[in-house]
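# Descriptive structure summary
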Amino acid sequence: MNTVRVNDFRGWPAEALEFYEHLEADNSRTFWTAHRAVYDEVVRAPMEALLARLEPEFGPGRIFRPNRDVRFSADKSPYKTHVGGYLEGGGYVQLSADGLACGLGYYQLASDQLARYRTAVAEDVPGAELERVVAAVRAAGPQVVGRGSLKTAPRGTPKDHPRIELLRHKGLVAWQEWEPAAWLGTAKAYDRVTGFLRAAAPLHEWLENHVGPSELPPR
């Protein structure tokens, strides 16, 4: 990452989307090995350049490995059909044949995080603040979606609580997707990503202030 200059990012060429279209059709080691150089040049290199350009404002980033962990999955296809990049300051960027997507928030809350989240949401002041934040983020464009949501109220929570929908969630993230278009092959893709990250920042800030990282030992 250190060798990539911040002005190197020029978007992803059409070949990047074609690579994933072909990988979806032939998710095999044979295809991957034969086209690894294509992945490195038109998929990974632009993602490295984008993360380098984002670093001054959003912190260092890293690219997730392209191979899937199939040990506990019924789907044994060996390779991910997207490339994902994670930013230390918060934020996720993904490219696939479907286009570009970004996320920001707490995707899956550990048990101690979930307890803090529900306590804060149930209380009047931080709970009302979260409602305002969610409304503002949605008005700016991104979706705000819950993850692993319960079908009913959490144990000990009244079913008629005014923020019952938020209390059901076991994760909360802002998310936005864009279908492939000409801008994706230009540096304007950087503007889409930064626009999302800035619009979704209040949600991340609320979660950082009221939930924070898990304090449980890693499994």
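Residues numbered from 1 in each chain as written. Predicted model: local features only at pLDDT ≥ 70, side-chain atom pairs only at ≥ 80, totals over all residues. Heavy atoms only, no water.

## Here's the deal with the pattern of salt bridges
When charged atoms on two side chains of opposite charge get close, those side chains can pair. Put simply, the rule is: Each reported salt bridge corresponds to a side-chain nitrogen of Lys or Arg within 4 Å of a carboxyl oxygen of Asp or Glu. What counts as a helix is a DSSP run of H or I of at least four residues, what counts as a strand is a run of E of at least two, and both are numbered from the N terminus. Only protein chains enter the accessibility calculation, which uses a 1.4 Å probe; a residue whose area is less than 20% of its type maximum is buried, one above 50% is exposed, and one in between is partly exposed.
A full pass over the atoms with the stated rule returns nine salt bridges. For R116, the salt bridge is made with D112, and the minimal N-O distance between the two is 3.5 Å. Residue R116 and its partner D112 are both found in helix 3 (residues 111-122); the two are separated by four residues, about one turn of the helix. Of the charged contacts, one joins D124 and R163 as a salt bridge, the two residues approaching to 3.8 Å between their closest N and O atoms. Within this pair, whereas D124 is found in helix 4 (residues 124-140), its partner R163 is found in the loop between strand 5 (143-146) and helix 5 (164-167), the two being separated by 39 residues in sequence. Using a relative accessible area of 7% as the deciding quantity, one classes R163 as buried.

## Examining the packing of helix 4 against helix 6 (residues 188-210)
Worth spelling out the cut-off: Every axis in this analysis is a line fitted to C-alpha atoms, fitted for helices over the stretch in contact. Angles between the N-to-C directions lie between 0 and 180 degrees. To sort the angles, those under 35 degrees are grouped as roughly parallel, those over 145 as roughly antiparallel, those from 65 to 115 as roughly perpendicular, and the leftovers as oblique. Left-handed describes a crossing whose near helix is turned anticlockwise from the far helix through less than a right angle; right-handed describes the clockwise counterpart. Contacts are assigned to residue pairs with any non-hydrogen atoms lying within 4.5 Å of each other. Each residue gets one of three labels, nonpolar for Ala, Val, Leu, Ile, Met, Phe, Trp, Tyr, Cys and Pro, charged for Asp, Glu, Lys and Arg, and polar for the others, Gly among them.
At their nearest, the axes of helix 4 and helix 6 sit 7 Å apart, and the two run at 160° to each other. Relative to helix 6, the element helix 4 lies roughly antiparallel. When the axes of helix 4 and helix 6 are compared, the crossing they make is left-handed. Across the interface between the two elements, P126, E129, L130, V133, V137 and A140 of helix 4 pack against A199, A200, P202, L203, W206 and H210 of helix 6. Residues of the contact of helix 4 with helix 6, tallied by class, amount to ten nonpolar, one polar and one charged.

## Some thoughts on the sheet that holds strand 3 (residues 92-96)
We apply this condition: Only strands joined by at least two bridges in the DSSP assignment are considered to pair.
Strands sit in the order 1-2-3-4-6-5 across an open sheet of six strands; the sheet is antiparallel. The open sheet has two free edges, formed respectively by strand 1 (61-63) and strand 5, since each of these has just one partner strand. Shown here is a sheet whose adjacent strand axes are inclined to one another by a mean of 25°, direction ignored. Strands strand 2 (82-87) and strand 3 of the sheet are contacted by helix 1 (residues 14-25), whose axis makes an angle of about 75° with strand 3.

## A look at helix 1
What counts is decided by this rule: Here the expected length of a helix is defined as 1.5 Å per residue gap, with one fewer gap than residues. As used here, the arc belongs to the directions running from the helix axis to the C-beta atoms.
With twelve residues, helix 1 extends 17 Å from end C-alpha to end C-alpha; this agrees with the ideal 16 Å at 1.5 Å per step. If you check which residues of helix 1 are buried, you get A16, L17, F19, Y20 and L23. Across the axial projection of helix 1, the buried residues extend over an arc of 150°, all falling on one side.

## Some details on the environment of R198
Mapping R198 onto the fold places it in helix 6. Among the residues examined, R198 registers a relative accessible area of 45% and is labelled partly exposed. It is 9.7 Å that separates the C-alpha atoms of R198 and F58, two residues lying 140 residues apart in sequence. Non-local contacts of R198, meaning those with residues more than four positions away in its chain, are made with E57, F58 and Y190.

## Considerations on the domain arrangement of the protein chain
As a reminder of what qualifies: Where each domain starts and ends comes from a domain assignment, either automatic or drawn from a database. Summed over both partners, the accessible area lost on bringing two parts together, with a 1.4 Å probe, is the buried area.
Taken domain by domain, the protein chain comprises domain 1 (7-97) and domain 2 (105-211). For domain 1 versus domain 2, the distance between C-alpha centres works out to 25 Å. Listed by partner, the interface residues are 18 residues for domain 1 and 13 residues for domain 2. Summed over both sides, the interface between domain 1 and domain 2 buries roughly 1,200 Å², with carbon and sulfur atoms accounting for 72% of that surface. Taken as a group, W12, R53 and F58 account for 29% of the area that domain 1 buries against domain 2, more than any other trio of residues on that side. Counting every contact that joins domain 1 to domain 2 gives one salt bridge. In this structure, R198 and E57 form a salt bridge, with 2.8 Å as the shortest nitrogen-oxygen distance. Of all the secondary-structure elements, those providing two or more residues to the side of domain 1 that touches domain 2 are helix 2 (29-58) and strand 3. Of the residues forming the side of domain 1 that touches domain 2, the biggest block, five residues, is contributed by helix 2.

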